[in-house]
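Remarks on the overall topology
Residues per chain, in single letters:
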Amino acid sequence: WIRKELDQAGLWDVPTRNIWFASLACAVAGLLVALMVSGQLIFGLIAAVAASAIPIAFLRSRVTRRRREFSEAWPHAVDNLTSAIRAGLSLPEALIALAETGPEALKPSFLVFAQEYQSTGRFADALSVLKHQLSDPVGDRIVESLRIAREVGGGDIAHMMRTLSSFLREDMRTRAELEARQSWTVSGARLAVAAPWVILIMMASGSTGLAAFSTPMGA
């Protein structure tokens, strides 16, 4: 699952062991800092567990940010693809053109597609590489739609792309509305999660009653 998260974050070249090493380093750092502040082992262990999750939290945050950037870029990319096909370009040529004229967030993935297709000449394999590079749910739908359009053929590719673009824009509007409605719920949930840690920090930094937590019952 860490490999999948790394791919979705766009970190294809980062090995999974780096995440484990980063979690271990954060855990050790959290343990040492908590021991220096409180002098109690139990607080150090709690801080170590919490700090070990920092790399995973950073990774998931990057995935969320990347998916948001992609969701905003896909309608424009599909519009560019539709225009290129209507202008007479073949489907591979239209996809290669997105490496230069497409949205900034998607250019690196389509550049890899262009390099793969130009080196092998196999459109299906290049699409598979593009799908892996994107590692995005919307990208999966678009890639598979293009794969079917290429295999079946016909002159309705531009119409299919226009329909897909309208669906993507409607999905983006719906998602934005849901996120706006749920923003207060998310903020309340974050506060509920943060409150116990704030109390724990206050307890660890104070001297009154701190020694009680060194006992088994206090732990």
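Presented here is a report on the structure given in the accompanying data block. (Residues numbered from 1 in each chain as written. Predicted model: local features only at pLDDT ≥ 70, side-chain atom pairs only at ≥ 80, totals over all residues. Heavy atoms only, no water.)

A tally of helices and strands in the protein yields nine helices and zero strands. Element order for the protein, N to C, with α for helix and β for strand: α-α-α-α-α-α-α-α-α. Its C-alpha radius of gyration of 24 Å places the protein more than 25% over the 17 Å reference for a compact globule of 219 residues. Considered along the principal axes of its C-alpha atoms, the protein spans approximately 75 × 40 × 25 Å. A total of 219 residues make up the protein; the buried ones form 33% of that total. Put simply, 59% of the contacts in the protein that link residues at least 6 apart link residues at least 24 apart. (Helix = DSSP H or I, 4+ residues; strand = E, 2+ residues; numbered from the N terminus. Rg over C-alpha atoms; globule rule 2.2 N^0.38 Å. Buried < 20%, exposed > 50% of the residue type's maximum accessible area, 1.4 Å probe, protein only. Contact = heavy atoms within 4.5 Å.)

It is worth spelling out empty space enclosed by the protein at this point. All chains considered together, the criterion is met by one cavity of 30 Å³ or more. By volume, the largest cavity amounts to about 50 Å³. If you go around the largest cavity, the residues you meet are Trp74, Ala77, Val78, Leu81, Leu95, Leu98, Phe110, Leu130, Leu134, Ile142, Val143 and Leu146. Listing elements by their share of the lining of the largest cavity, those giving two or more residues are α4 (54-86), α5 (91-101), α7 (123-134) and α8 (137-152). Here the element with the most residues in the lining of the largest cavity is α4; it accounts for four residues. Taken together, the residues that form the lining of the largest cavity break down as twelve nonpolar, no polar and no charged. (1 Å grid on protein atoms, 1.4 Å probe; cavity = no way out; pocket = protein on both sides within 12 Å on 5 of 7 lines; lining within 4 Å. Points joined across faces, edges and corners; volume = space filled by probe spheres on them. Nonpolar A, V, L, I, M, F, W, Y, C, P; charged D, E, K, R; others polar.)

Its 33 residues give α4 an end-to-end C-alpha distance of 48 Å, which sits within 8% of 48 Å, the value for a rise of 1.5 Å per residue. By the largest-angle criterion, Ala73 marks the main kink of α4, which is about 35°, and a proline, Pro75, follows within four residues. (Expected span 1.5 Å × (residues − 1). Bend = angle between axes of the 7 residues up to and from the residue.)

The next thing to look at is the packing of helix α2 (residues 16-38) against helix α3 (residues 41-52). With their axes 7 Å apart at the nearest point, α2 and α3 run at an angle of 150° to one another. In this view, α2 runs roughly antiparallel relative to α3, as classed from their interaxial angle. Of the two elements, α2 crosses α3, and the hand of that crossing is right-handed. Only Leu41, Phe43, Gly44, Leu45, Ala47, Ala48, Ala51 and Ser52 of α3 make contact with α2, whose side of the interface consists of Ser23, Cys26, Ala27, Gly30, Leu31, Ala34, Leu35 and Ser38. Here the residues of the contact of α2 with α3 sort into eleven nonpolar, five polar and no charged. (Axes fitted to C-alpha atoms, helices over the stretch in contact; angles between N-to-C directions. Parallel < 35°, antiparallel > 145°, perpendicular 65-115°, else oblique. Left-handed = near helix turned anticlockwise from the far one by under 90°.)

Among the nonpolar cores identified, the biggest contains 32 residues, and Trp74, Leu81, Leu95, Leu106, Phe110, Phe113 and Ile142 are the most heavily contacted of them. Contributions of two or more residues to this core are made by α4, α5, α6 (107-120), α7, α8 and α9 (157-205). Considering each element in turn, this core owes the most residues, eight residues, to α4. Those residues in contact with Leu81, other than ones at most four positions away along the chain, are Ala94, Leu95, Leu98, Leu146 and Met161. Core analysis: the second largest hydrophobic core is formed by seven residues, Ile2, Leu6, Ile19 and Leu59 among them. (Core = buried A, V, L, I, M, F, W, Y, C linked by side-chain atoms within 4.5 Å.)

Per the counting criterion, the structure on display carries nine salt bridges. The salt bridge partner of Arg122 is Asp125, with a shortest N-O separation of 2.6 Å. For Asp125, a relative accessible area of 35% translates into the label partly exposed. For the salt bridge of Arg181 with Glu177, the shortest nitrogen-to-oxygen distance reads 2.7 Å. Separated by four residues within a single helix, Arg181 and Glu177 lie in helix α9, roughly one turn from each other. (Salt bridge = Lys/Arg side-chain N within 4 Å of Asp/Glu carboxyl O.)

Buried within α5 are the following residues: Leu91, Pro92, Ala94, Leu95, Leu98 and Ala99. Looking down the long axis of α5, one finds its buried residues gathered within 170° of arc, a one-sided arrangement. In α5, the exposed residues that point more than 90 degrees away from the buried face are Glu100 and Thr101. On the buried face of α5, the contacting elements are α4, α6, α7 and α8. (Arc of directions from axis to C-beta.)

Before going further, it helps to spend a moment on the packing of α6 against α7. For the pair α6 and α7, the least separation of the axes is 9 Å and the interaxial angle reads 155°. Judged by the inter-axis angle, α6 sits roughly antiparallel to α7. For the element pair α6 and α7, the recorded crossing hand is right-handed. Contacts from Ser109, Phe110, Val112, Phe113, Glu116 and Tyr117 of α6 reach α7 at Phe123, Ala126, Leu127, Val129, Leu130, Gln133 and Leu134. Tallied by class, the residues present in the contact of α6 with α7 amount to ten nonpolar, two polar and one charged.

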